[in-house]
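Given next are the chains, with one letter for each unit.
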Amino acid sequence: MSKGGDSYLKTLVFFAIELVSEFSRPFALTIRLTVNIIVGHLISMSLYQFLELSGGDKYIWLRVLAIIMECFVFFIQSYVFSRLVYLYLNE
């Protein structure tokens, strides 16, 4: 049901805006999570390279700590992803 002042052009513009908004959310979420995962791997690889160059096998516990840290970040990102998908689907 439209109001007296509504025009078809206004309705069409709002429809296009809503359509772009609905399709851009999952795309933006995918891009954000992919970049976060890539950056996490780059930081871990930089840390591994630094530890290999500086101390060889003396700092194996730091490598294990870095792997645990990346797993922790993975679980946090998975939780955020699942919550955002849930919130997007419930709108």
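Details of the structure are given in the entry above.
Residues numbered from 1 in each chain as written. Predicted model: local features only at pLDDT ≥ 70, side-chain atom pairs only at ≥ 80, totals over all residues. Heavy atoms only, no water.

A. Inspection of the overall build of the protein chain at higher detail. Of regular secondary structure, the protein chain possesses two helices and zero strands. Relative to the globule expectation of 12 Å for 91 residues, the C-alpha radius of gyration of the protein chain, 23 Å, shows a markedly less compact shape. In terms of overall dimensions, the protein chain has C-alpha extents of about 75 × 20 × 15 Å along its principal axes. Across the 91 residues of the protein chain, 11% fall into the buried class. For the protein chain, the exposed surface amounts to about 7,800 Å²; the carbon and sulfur share of it is 74%. Averaging the positions of the 7 positive and the 7 negative side-chain charges in the protein chain gives two centres separated by 5 Å. (Helix = DSSP H or I, 4+ residues; strand = E, 2+ residues; numbered from the N terminus. Rg over C-alpha atoms; globule rule 2.2 N^0.38 Å. Buried < 20%, exposed > 50% of the residue type's maximum accessible area, 1.4 Å probe, protein only. Areas by Shrake-Rupley, 256 points an atom, 1.4 Å probe, with all protein chains shown as cover. Lys, Arg positive; Asp, Glu negative; His and termini not counted. Charge placed at Lys NZ, Arg CZ, Asp CG, Glu CD.)

B. Quick peek at helix α1 (residues 8–55). Taking 1.5 Å as the rise per residue, α1 with 48 residues should run 70 Å; its terminal C-alpha atoms sit 70 Å apart, in good agreement. When the local axis directions of α1 are compared, the greatest deviation, roughly 30°, occurs at serine 24, which is followed within four positions by the proline proline 26. Among the residues making up α1, those that are buried are Leu29, Leu33, Ser44, Tyr48, Leu51 and Gly55. On its buried side, α1 packs onto α2 (60–90). (Expected span 1.5 Å × (residues − 1). Bend = angle between axes of the 7 residues up to and from the residue. Contact = heavy atoms within 4.5 Å.)

C. Fine view of the packing of α1 against α2. Closest axis-to-axis distance for the α1/α2 pair is 11 Å, and the angle between their directions is 175°. Overall, the two elements α1 and α2 adopt an arrangement that is roughly antiparallel. Considered class by class, the residues forming the contact of α1 with α2 number 14 nonpolar, five polar and five charged. (Axes fitted to C-alpha atoms, helices over the stretch in contact; angles between N-to-C directions. Parallel < 35°, antiparallel > 145°, perpendicular 65-115°, else oblique. Nonpolar A, V, L, I, M, F, W, Y, C, P; charged D, E, K, R; others polar.)

D. Broad picture of α2. Along its 31 residues, α2 runs 46 Å from first to last C-alpha, staying within 8% of the 45 Å computed at 1.5 Å per residue. Every buried residue of α2 is accounted for by Arg63, Ala66, Gln77 and Leu84. Residues of α2 that are buried in the fold lie against α1.

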